[in-house]
Amino acid sequence: MANRFITLKEIAREALPRLMDNLVFPGLTHRDFSEDFHGFGDTIQVRKPVALTASDFDENEGVNYQDMVEDTVEVTLDHLATVDARASAIETATSLDDLNRVFIIPAAAALAEKINSDGLKLYKDVYGFVGTAGTTPSSLKDISAARRQLNLQKAPNYGRCAIWDAEADAKLAELDALVNAEKAGSTLALREGSIGRVYGMDHYMSQGVCRHETGITAAEAVKVNGQVEAGATTLSIDGTTLTGKLVKGDLIQIGEGMFTVTEDSVQAASNAIAGVSVSPALPAIADDTEVTLVGDHTANLAFHPMAFAYVTRPLVNPDGQGVESYVTSFNGISLRVTRGYDQQYKRSIYSMDVLYGFKTVYPELAVRVLG
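Attention in this report is confined to the structure presented alongside it. Keep in mind it's a predicted model, so treat the numbers as computed, not measured.

Quick notes on the overall build of the chain
Counting its regular elements, the chain contains 6 helices and 23 strands. Out of the 371 residues in the chain, the part that is buried amounts to 44%. Summarising the internal contacts of the chain: among those between residues at least 6 apart in sequence, 76% fall at separations of at least 24. About 18,700 Å² of surface is accessible on the chain, with carbon and sulfur atoms providing 47% of the total.

And the structure:
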(Lines give C-alpha, C1' and ligand atoms only; values in the text may rest on other atoms or scores of the structure.)
Protein backbone atom coordinates (compact mmCIF):
# COMPACT_ATOMS: atom_id res chain seq x y z
CA MET A 1 0.00 0.00 0.00
CA ALA A 2 1.12 3.55 -0.64
CA ASN A 3 1.05 4.42 3.05
CA ARG A 4 2.65 1.21 4.36
CA PHE A 5 5.21 3.23 6.34
CA ILE A 6 2.50 5.15 8.22
CA THR A 7 2.03 3.00 11.31
CA LEU A 8 -0.94 2.77 13.66
CA LYS A 9 1.29 4.20 16.38
CA GLU A 10 1.82 7.33 14.27
CA ILE A 11 -1.90 7.58 13.55
CA ALA A 12 -2.90 7.17 17.21
CA ARG A 13 -0.32 9.63 18.51
CA GLU A 14 -1.38 12.15 15.89
CA ALA A 15 -5.09 11.64 16.65
CA LEU A 16 -5.04 11.87 20.46
CA PRO A 17 -3.94 15.54 20.69
CA ARG A 18 -6.55 16.47 18.09
CA LEU A 19 -9.21 14.64 20.07
CA MET A 20 -8.17 16.45 23.26
CA ASP A 21 -8.21 19.82 21.48
CA ASN A 22 -11.87 19.23 20.55
CA LEU A 23 -13.03 17.95 23.92
CA VAL A 24 -14.65 20.58 26.14
CA PHE A 25 -16.74 19.01 28.88
CA PRO A 26 -14.46 16.11 29.98
CA GLY A 27 -11.52 18.46 30.43
CA LEU A 28 -13.54 20.59 32.85
CA THR A 29 -14.66 17.75 35.12
CA HIS A 30 -13.13 15.49 37.74
CA ARG A 31 -11.31 12.68 35.92
CA ASP A 32 -10.28 9.23 37.02
CA PHE A 33 -6.73 8.37 35.89
CA SER A 34 -6.59 4.66 36.63
CA GLU A 35 -5.13 2.48 33.91
CA ASP A 36 -6.79 -0.71 35.19
CA PHE A 37 -8.62 -2.33 32.31
CA HIS A 38 -12.36 -2.72 32.33
CA GLY A 39 -14.65 -3.68 29.48
CA PHE A 40 -17.76 -2.08 28.02
CA GLY A 41 -20.67 -2.13 30.47
CA ASP A 42 -18.48 -2.68 33.53
CA THR A 43 -19.29 -0.70 36.66
CA ILE A 44 -16.32 0.61 38.61
CA GLN A 45 -15.81 2.43 41.88
CA VAL A 46 -14.34 5.92 41.49
CA ARG A 47 -13.13 7.96 44.45
CA LYS A 48 -15.18 11.09 45.03
CA PRO A 49 -13.25 14.30 45.65
CA VAL A 50 -13.25 14.92 49.41
CA ALA A 51 -15.52 17.79 50.48
CA LEU A 52 -14.65 19.58 53.73
CA THR A 53 -16.19 22.60 55.44
CA ALA A 54 -14.54 25.45 57.37
CA SER A 55 -15.93 26.91 60.59
CA ASP A 56 -15.06 29.47 63.26
CA PHE A 57 -12.87 28.27 66.08
CA ASP A 58 -14.66 28.27 69.42
CA GLU A 59 -12.15 28.49 72.28
CA ASN A 60 -14.74 27.11 74.68
CA GLU A 61 -15.68 24.11 72.58
CA GLY A 62 -12.26 23.48 71.05
CA VAL A 63 -11.61 21.94 67.66
CA ASN A 64 -14.41 20.11 65.88
CA TYR A 65 -12.77 17.39 63.81
CA GLN A 66 -14.26 16.21 60.53
CA ASP A 67 -13.96 12.62 59.41
CA MET A 68 -11.91 12.53 56.22
CA VAL A 69 -13.83 9.66 54.67
CA GLU A 70 -12.95 9.04 51.04
CA ASP A 71 -16.28 8.04 49.55
CA THR A 72 -16.77 6.38 46.18
CA VAL A 73 -19.30 6.59 43.40
CA GLU A 74 -20.20 3.92 40.85
CA VAL A 75 -19.55 4.78 37.21
CA THR A 76 -20.59 2.52 34.37
CA LEU A 77 -18.40 2.41 31.26
CA ASP A 78 -21.47 2.48 29.06
CA HIS A 79 -20.17 4.47 26.10
CA LEU A 80 -17.97 3.13 23.32
CA ALA A 81 -17.69 5.93 20.79
CA THR A 82 -16.30 4.71 17.50
CA VAL A 83 -15.54 5.98 14.01
CA ASP A 84 -15.09 3.28 11.36
CA ALA A 85 -13.95 3.84 7.79
CA ARG A 86 -13.14 1.72 4.78
CA ALA A 87 -9.70 2.37 3.51
CA SER A 88 -10.11 3.46 -0.09
CA ALA A 89 -9.27 7.10 0.71
CA ILE A 90 -6.98 6.21 3.58
CA GLU A 91 -4.84 3.85 1.54
CA THR A 92 -4.18 6.54 -1.04
CA ALA A 93 -2.63 8.75 1.63
CA THR A 94 1.10 9.12 1.17
CA SER A 95 1.85 11.18 4.29
CA LEU A 96 0.48 12.09 7.71
CA ASP A 97 -0.78 15.34 6.22
CA ASP A 98 -2.91 13.37 3.78
CA LEU A 99 -4.06 11.03 6.53
CA ASN A 100 -4.94 13.96 8.78
CA ARG A 101 -7.17 15.35 6.07
CA VAL A 102 -9.02 12.15 5.11
CA PHE A 103 -9.27 10.36 8.46
CA ILE A 104 -7.54 11.62 11.61
CA ILE A 105 -8.99 15.15 11.85
CA PRO A 106 -12.60 14.28 10.93
CA ALA A 107 -12.56 11.13 13.10
CA ALA A 108 -11.19 12.97 16.15
CA ALA A 109 -13.75 15.75 15.70
CA ALA A 110 -16.61 13.24 15.43
CA LEU A 111 -15.48 11.38 18.57
CA ALA A 112 -15.13 14.63 20.51
CA GLU A 113 -18.61 15.77 19.46
CA LYS A 114 -20.16 12.54 20.72
CA ILE A 115 -18.19 12.51 24.00
CA ASN A 116 -19.09 16.15 24.72
CA SER A 117 -22.74 15.50 23.91
CA ASP A 118 -22.92 12.40 26.13
CA GLY A 119 -21.34 14.25 29.06
CA LEU A 120 -23.58 17.29 28.78
CA LYS A 121 -26.64 15.03 29.14
CA LEU A 122 -25.82 15.02 32.85
CA TYR A 123 -27.74 18.31 33.01
CA LYS A 124 -30.76 16.17 33.90
CA ASP A 125 -29.26 15.60 37.36
CA VAL A 126 -28.83 19.34 38.02
CA TYR A 127 -31.69 20.88 39.98
CA GLY A 128 -30.44 24.44 40.56
CA PHE A 129 -31.37 26.85 37.79
CA VAL A 130 -31.46 30.51 36.80
CA GLY A 131 -32.79 32.39 33.81
CA THR A 132 -35.95 32.13 31.76
CA ALA A 133 -36.85 29.09 29.69
CA GLY A 134 -36.83 29.99 26.00
CA THR A 135 -34.79 33.20 26.44
CA THR A 136 -31.14 33.05 25.38
CA PRO A 137 -28.68 34.34 28.02
CA SER A 138 -27.15 37.52 26.63
CA SER A 139 -25.84 39.76 29.41
CA LEU A 140 -23.51 39.92 32.38
CA LYS A 141 -26.61 39.67 34.56
CA ASP A 142 -27.10 36.11 33.32
CA ILE A 143 -23.54 35.20 34.29
CA SER A 144 -23.94 37.01 37.62
CA ALA A 145 -27.13 35.06 38.34
CA ALA A 146 -25.31 31.77 37.73
CA ARG A 147 -22.48 32.90 40.01
CA ARG A 148 -24.99 33.86 42.72
CA GLN A 149 -26.74 30.49 42.54
CA LEU A 150 -23.43 28.63 42.77
CA ASN A 151 -22.62 30.74 45.82
CA LEU A 152 -25.98 29.91 47.39
CA GLN A 153 -25.34 26.22 46.71
CA LYS A 154 -21.93 26.63 48.38
CA ALA A 155 -19.83 25.64 45.39
CA PRO A 156 -16.10 26.32 45.88
CA ASN A 157 -14.91 29.59 44.34
CA TYR A 158 -11.95 28.11 42.48
CA GLY A 159 -12.13 26.26 39.16
CA ARG A 160 -15.64 27.33 38.19
CA CYS A 161 -16.60 27.23 34.52
CA ALA A 162 -19.62 27.53 32.25
CA ILE A 163 -20.55 25.88 28.96
CA TRP A 164 -22.90 27.69 26.59
CA ASP A 165 -24.70 26.69 23.42
CA ALA A 166 -23.94 28.42 20.12
CA GLU A 167 -26.73 31.00 20.52
CA ALA A 168 -25.67 32.11 24.00
CA ASP A 169 -22.02 32.06 22.94
CA ALA A 170 -22.75 34.42 20.05
CA LYS A 171 -24.38 36.94 22.40
CA LEU A 172 -21.97 36.66 25.31
CA ALA A 173 -18.90 36.83 23.09
CA GLU A 174 -19.89 40.40 22.16
CA LEU A 175 -19.74 41.62 25.77
CA ASP A 176 -16.82 43.94 26.48
CA ALA A 177 -15.94 42.03 29.65
CA LEU A 178 -15.36 38.90 27.58
CA VAL A 179 -14.00 40.50 24.43
CA ASN A 180 -11.28 42.19 26.50
CA ALA A 181 -10.63 39.25 28.83
CA GLU A 182 -7.20 38.58 27.37
CA LYS A 183 -6.12 42.16 28.20
CA ALA A 184 -6.13 41.19 31.88
CA GLY A 185 -3.21 38.86 31.20
CA SER A 186 -5.24 35.75 30.34
CA THR A 187 -4.90 33.96 27.03
CA LEU A 188 -7.93 31.73 27.58
CA ALA A 189 -10.08 33.86 25.28
CA LEU A 190 -7.74 33.01 22.43
CA ARG A 191 -8.21 29.26 22.81
CA GLU A 192 -10.67 27.34 20.65
CA GLY A 193 -13.91 26.78 22.53
CA SER A 194 -13.14 29.45 25.14
CA ILE A 195 -14.75 32.87 25.24
CA GLY A 196 -12.81 34.17 28.24
CA ARG A 197 -13.06 34.47 32.00
CA VAL A 198 -15.38 36.78 33.89
CA TYR A 199 -17.07 36.75 37.31
CA GLY A 200 -14.79 33.95 38.47
CA MET A 201 -15.75 31.51 35.72
CA ASP A 202 -14.06 30.33 32.54
CA HIS A 203 -16.57 30.36 29.69
CA TYR A 204 -16.71 27.86 26.84
CA MET A 205 -18.94 27.02 23.89
CA SER A 206 -20.00 23.53 22.86
CA GLN A 207 -22.38 22.34 20.16
CA GLY A 208 -23.21 19.47 22.52
CA VAL A 209 -25.24 21.60 24.96
CA CYS A 210 -28.61 19.86 25.25
CA ARG A 211 -32.10 21.08 24.52
CA HIS A 212 -34.59 19.81 27.10
CA GLU A 213 -38.20 19.21 26.12
CA THR A 214 -40.75 18.51 28.80
CA GLY A 215 -43.65 16.16 28.26
CA ILE A 216 -46.24 18.07 30.28
CA THR A 217 -48.49 21.05 29.71
CA ALA A 218 -50.57 23.06 32.16
CA ALA A 219 -52.51 26.16 31.15
CA GLU A 220 -53.47 26.98 34.73
CA ALA A 221 -51.95 26.68 38.20
CA VAL A 222 -50.46 23.39 39.33
CA LYS A 223 -50.43 22.49 43.04
CA VAL A 224 -49.10 19.85 45.40
CA ASN A 225 -51.68 17.11 45.85
CA GLY A 226 -51.47 16.01 49.48
CA GLN A 227 -49.14 16.93 52.32
CA VAL A 228 -45.44 16.11 51.85
CA GLU A 229 -43.22 15.11 54.77
CA ALA A 230 -39.67 16.46 55.10
CA GLY A 231 -37.14 14.13 53.51
CA ALA A 232 -39.54 12.65 50.97
CA THR A 233 -38.33 12.15 47.40
CA THR A 234 -41.73 11.83 45.75
CA LEU A 235 -44.79 14.02 45.56
CA SER A 236 -48.08 14.23 43.70
CA ILE A 237 -49.37 17.21 41.75
CA ASP A 238 -52.67 18.25 40.22
CA GLY A 239 -54.24 21.04 38.20
CA THR A 240 -57.40 21.66 36.24
CA THR A 241 -55.56 21.58 32.87
CA LEU A 242 -52.70 19.16 33.53
CA THR A 243 -51.90 16.82 30.62
CA GLY A 244 -49.01 14.62 29.54
CA LYS A 245 -46.27 13.52 31.95
CA LEU A 246 -43.13 14.78 33.61
CA VAL A 247 -39.93 13.41 32.08
CA LYS A 248 -36.48 12.91 33.57
CA GLY A 249 -34.70 16.25 33.74
CA ASP A 250 -37.84 18.37 34.08
CA LEU A 251 -37.45 21.23 36.56
CA ILE A 252 -40.03 22.20 39.15
CA GLN A 253 -39.98 24.98 41.73
CA ILE A 254 -41.91 25.02 44.99
CA GLY A 255 -41.44 28.26 46.88
CA GLU A 256 -37.67 28.85 46.92
CA GLY A 257 -36.92 25.15 46.43
CA MET A 258 -35.68 23.84 43.08
CA PHE A 259 -35.97 20.19 42.08
CA THR A 260 -35.26 17.97 39.08
CA VAL A 261 -37.39 15.00 38.09
CA THR A 262 -35.27 11.83 38.35
CA GLU A 263 -37.42 9.50 36.24
CA ASP A 264 -40.37 9.72 33.88
CA SER A 265 -43.70 9.92 35.68
CA VAL A 266 -46.92 8.19 34.76
CA GLN A 267 -49.30 9.96 32.39
CA ALA A 268 -51.62 12.52 33.95
CA ALA A 269 -55.00 11.04 34.87
CA SER A 270 -57.95 13.23 35.84
CA ASN A 271 -55.60 16.26 35.80
CA ALA A 272 -53.29 14.70 38.42
CA ILE A 273 -49.95 12.86 38.52
CA ALA A 274 -49.02 10.69 41.49
CA GLY A 275 -45.59 9.62 42.68
CA VAL A 276 -43.31 12.10 40.90
CA SER A 277 -39.69 11.28 41.82
CA VAL A 278 -37.48 14.31 42.44
CA SER A 279 -34.07 15.33 43.73
CA PRO A 280 -32.94 16.67 46.17
CA ALA A 281 -35.12 15.52 49.07
CA LEU A 282 -38.18 17.65 49.71
CA PRO A 283 -38.87 19.81 52.77
CA ALA A 284 -42.23 19.62 54.53
CA ILE A 285 -44.83 20.95 52.08
CA ALA A 286 -48.49 21.69 52.73
CA ASP A 287 -51.29 20.44 50.49
CA ASP A 288 -52.24 22.80 47.65
CA THR A 289 -48.88 24.62 47.67
CA GLU A 290 -48.31 26.11 44.23
CA VAL A 291 -45.84 24.37 41.91
CA THR A 292 -44.02 26.05 39.02
CA LEU A 293 -43.23 23.81 36.05
CA VAL A 294 -40.27 24.99 33.96
CA GLY A 295 -40.86 24.69 30.23
CA ASP A 296 -38.66 23.62 27.32
CA HIS A 297 -35.19 25.10 27.58
CA THR A 298 -31.56 24.93 26.50
CA ALA A 299 -29.52 23.52 29.38
CA ASN A 300 -26.42 25.70 29.56
CA LEU A 301 -24.32 24.72 32.57
CA ALA A 302 -22.24 26.58 35.16
CA PHE A 303 -20.39 24.28 37.54
CA HIS A 304 -17.40 23.36 39.64
CA PRO A 305 -15.28 20.43 38.31
CA MET A 306 -16.24 18.24 41.29
CA ALA A 307 -19.87 18.26 40.13
CA PHE A 308 -19.21 15.64 37.45
CA ALA A 309 -16.82 12.77 36.81
CA TYR A 310 -15.43 11.53 33.50
CA VAL A 311 -13.92 8.04 33.48
CA THR A 312 -12.09 6.39 30.59
CA ARG A 313 -10.16 3.14 30.32
CA PRO A 314 -7.68 1.98 27.67
CA LEU A 315 -9.23 -0.60 25.38
CA VAL A 316 -7.36 -3.87 24.94
CA ASN A 317 -5.91 -4.86 21.61
CA PRO A 318 -8.48 -7.09 19.87
CA ASP A 319 -7.72 -10.71 19.14
CA GLY A 320 -7.84 -11.98 15.61
CA GLN A 321 -5.52 -12.82 12.77
CA GLY A 322 -4.77 -9.88 10.54
CA VAL A 323 -5.98 -7.30 13.11
CA GLU A 324 -3.57 -4.61 14.28
CA SER A 325 -4.17 -1.97 16.94
CA TYR A 326 -2.42 0.65 19.05
CA VAL A 327 -3.64 2.26 22.29
CA THR A 328 -2.38 5.61 23.55
CA SER A 329 -3.33 7.59 26.68
CA PHE A 330 -2.53 11.00 28.12
CA ASN A 331 -3.95 13.09 30.97
CA GLY A 332 -6.94 10.85 31.58
CA ILE A 333 -7.91 10.45 27.90
CA SER A 334 -7.39 7.13 26.11
CA LEU A 335 -7.75 6.30 22.40
CA ARG A 336 -7.45 3.10 20.36
CA VAL A 337 -6.81 2.83 16.61
CA THR A 338 -7.41 -0.51 14.90
CA ARG A 339 -6.77 -1.77 11.37
CA GLY A 340 -8.46 -4.88 10.03
CA TYR A 341 -9.39 -6.41 6.68
CA ASP A 342 -12.77 -7.02 5.06
CA GLN A 343 -12.34 -10.14 2.96
CA GLN A 344 -15.72 -9.72 1.29
CA TYR A 345 -14.90 -6.31 -0.16
CA LYS A 346 -11.10 -6.72 -0.29
CA ARG A 347 -10.53 -3.55 1.72
CA SER A 348 -8.71 -2.57 4.88
CA ILE A 349 -10.86 -1.13 7.67
CA TYR A 350 -9.72 1.54 10.11
CA SER A 351 -11.39 2.17 13.46
CA MET A 352 -10.84 4.84 16.10
CA ASP A 353 -12.65 4.37 19.43
CA VAL A 354 -12.85 5.52 23.05
CA LEU A 355 -14.35 3.71 26.09
CA TYR A 356 -15.77 6.01 28.78
CA GLY A 357 -18.50 6.81 31.26
CA PHE A 358 -19.89 9.92 32.99
CA LYS A 359 -21.43 10.42 36.43
CA THR A 360 -22.89 13.30 38.40
CA VAL A 361 -20.99 13.34 41.69
CA TYR A 362 -22.14 16.53 43.47
CA PRO A 363 -25.20 17.99 41.68
CA GLU A 364 -25.29 20.86 44.18
CA LEU A 365 -22.09 22.17 42.59
CA ALA A 366 -23.79 22.85 39.25
CA VAL A 367 -26.48 25.18 37.92
CA ARG A 368 -28.53 25.20 34.75
CA VAL A 369 -28.66 28.53 32.96
CA LEU A 370 -31.88 28.34 30.99
CA GLY A 371 -31.95 29.37 27.37
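Re the nonpolar core
Looking at soluble globular proteins, one finds that nonpolar side chains tend to be buried together. Counting 74 residues, the largest nonpolar core has Ile11, Leu19, Ile163, Phe303 and Phe308 as the members making the most contacts within it. No other element matches the 9 residues that helix 3 (residues 96-120) contributes to this core. Residues contacting Phe303, with those up to four places away along its chain left out, are Phe25, Leu28, Leu150, Gly159, Arg160, Cys161, Ile163, Phe308, Leu365 and Ala366. By size, the runner-up hydrophobic cluster in this structure holds 18 residues, among which are Ile252, Ile254, Val278 and Leu282.

Observations regarding the packing of aromatic side chains
Under the defined criterion, the tally for this structure stands at 8 aromatic pairs. Arranged with centres 5.8 Å apart and planes meeting at 45°, the rings of Phe25 and Phe358 form a pair that is tilted. Here Phe25 is found in the loop between helix 1 (8-22) and strand 1 (30-32), whereas its partner Phe358 is found in strand 22 (residues 347-360), with 333 residues between them in sequence. Assessed through its relative accessible area of 0%, Phe25 is described here as buried. One aromatic cluster is present, formed by Phe25, Phe303, Phe308, Tyr310, Tyr356 and Phe358 through successive ring pairs.

A short note on the sheet that holds strand 16 (residues 272-279)
Reading around the circumference, 11-12-16-15-14-17 is the order of the 6 strands in this closed barrel, with antiparallel pairing throughout. The average undirected angle you get between the axes of adjacent strands in this sheet is 45°. Alignment of strand 11 (residues 222-224) against strand 12 (residues 234-238), held across 2 bridges, turns out to be antiparallel. Along strand 12, the bridge assignment pairs Lys223 with Asp238.

A word on the pattern of salt bridges
What the rule picks out here adds up to 6 salt bridges. The salt bridge partner of Lys114 is Asp118, with a shortest N-O separation of 3.0 Å. On the criterion of helical spacing, the pair formed by Lys114 and Asp118 is a turn pair, its members being 4 residues apart in helix 3. For Lys114, a relative accessible area of 37% gives the class partly exposed. Looking at Asp118, the relative accessible area reads 8%, which means it is buried. Via salt bridges that share partners, Lys114, Asp118 and Lys121 belong to a single interconnected network.

Remarks on the pairing of strand 14 (residues 251-254)
Two strands pair when backbone bridges link them, and strand 14 and strand 15 (residues 257-261) are joined in this way by 4 bridges, in the antiparallel orientation. Residue Leu251 lies in a different strand from strand 15, and its bridge partner there is Thr260. Counting the residues between successive antiparallel strands, the hairpin from strand 14 to strand 15 contains 2 residues, one of them, Gly255, with a positive phi of roughly 65°. Here strand 14 pairs with strand 17 (residues 290-293) via 2 bridges, running antiparallel. Paired with Ile252 across the two strands is Leu293, which belongs to strand 17.

Quick word on the layout of surface pockets
Its boundaries defined by the atoms lining it, the second largest pocket holds a volume of some 340 Å³. Contributing to the lining of the second largest pocket are 13 residues, with Lys121, Leu122, Asp125, Lys248 and Phe358 lying nearest its centre. A per-element tally of the lining of the second largest pocket places strand 22 first, with 3 residues. Looking at side-chain class alone, the lining of the second largest pocket contains 3 nonpolar, 3 polar and 7 charged residues.

Considering helix 1
Compared with an ideal rise of 1.5 Å per residue, which puts 15 residues at 21 Å, helix 1 spans 21 Å between its outermost C-alpha atoms and is within 8% of the ideal. Those residues of helix 1 lying buried are Leu8, Ile11, Ala12, Ala15, Leu16 and Leu19. Buried positions in helix 1, seen along its axis, are confined to an arc of 130° and lie on one side of it.

Some remarks on the side chain of His297
With respect to the helices and strands, His297 occurs in strand 18 (residues 297-303). A distance of 2.8 Å separates the side chain of His297 from the backbone oxygen of Gly295, its partner in a polar contact.

A few points about the environment of Lys248
Turning to its location among the elements, Lys248 is positioned in the loop between strand 13 (242-244) and strand 14. Residue classification places Lys248 among the partly exposed residues on the basis of a relative accessible area of 37%. For the pair formed by Lys248 and Ser277, sequence separation is 29 residues and the distance between their alpha carbons is 9.0 Å. Beyond its immediate chain neighbours, meaning those up to four positions away, Lys248 contacts Lys124, Asp125, His212, Val261, Thr262, Glu263 and Asp264.

Thoughts on helix 4 (residues 140-152)
Along its 13 residues, helix 4 runs 18 Å from first to last C-alpha, staying within 8% of the 18 Å computed at 1.5 Å per residue. Along helix 4, the residues classified as buried are Ile143, Ala146, Gln149 and Leu150. The buried residues of helix 4 occupy an angular sector of 125° when the element is viewed end-on, so they sit on one face. Among the exposed residues of helix 4, those pointing more than 90 degrees away from its buried face are Lys141, Arg148 and Leu152.

So, how was this worked out
Residues numbered from 1 in each chain as written. Predicted model: local features only at pLDDT ≥ 70, side-chain atom pairs only at ≥ 80, totals over all residues. Heavy atoms only, no water. Helix = DSSP H or I, 4+ residues; strand = E, 2+ residues; numbered from the N terminus. Buried < 20%, exposed > 50% of the residue type's maximum accessible area, 1.4 Å probe, protein only. Contact = heavy atoms within 4.5 Å. Areas by Shrake-Rupley, 256 points an atom, 1.4 Å probe, with all protein chains shown as cover. Core = buried A, V, L, I, M, F, W, Y, C linked by side-chain atoms within 4.5 Å. Phe/Tyr/Trp six-rings, centres within 6.5 Å; stacked < 30°, edge-to-face > 60°. Pairing = 2+ DSSP bridges. Axes fitted to C-alpha atoms, helices over the stretch in contact; angles between N-to-C directions. Salt bridge = Lys/Arg side-chain N within 4 Å of Asp/Glu carboxyl O. 1 Å grid on protein atoms, 1.4 Å probe; cavity = no way out; pocket = protein on both sides within 12 Å on 5 of 7 lines; lining within 4 Å. Points joined across faces, edges and corners; volume = space filled by probe spheres on them. Nonpolar A, V, L, I, M, F, W, Y, C, P; charged D, E, K, R; others polar. Expected span 1.5 Å × (residues − 1). Arc of directions from axis to C-beta. Polar contact = N/O pair within 3.5 Å; in protein donor to acceptor, adjacent residues only side chain to side chain.

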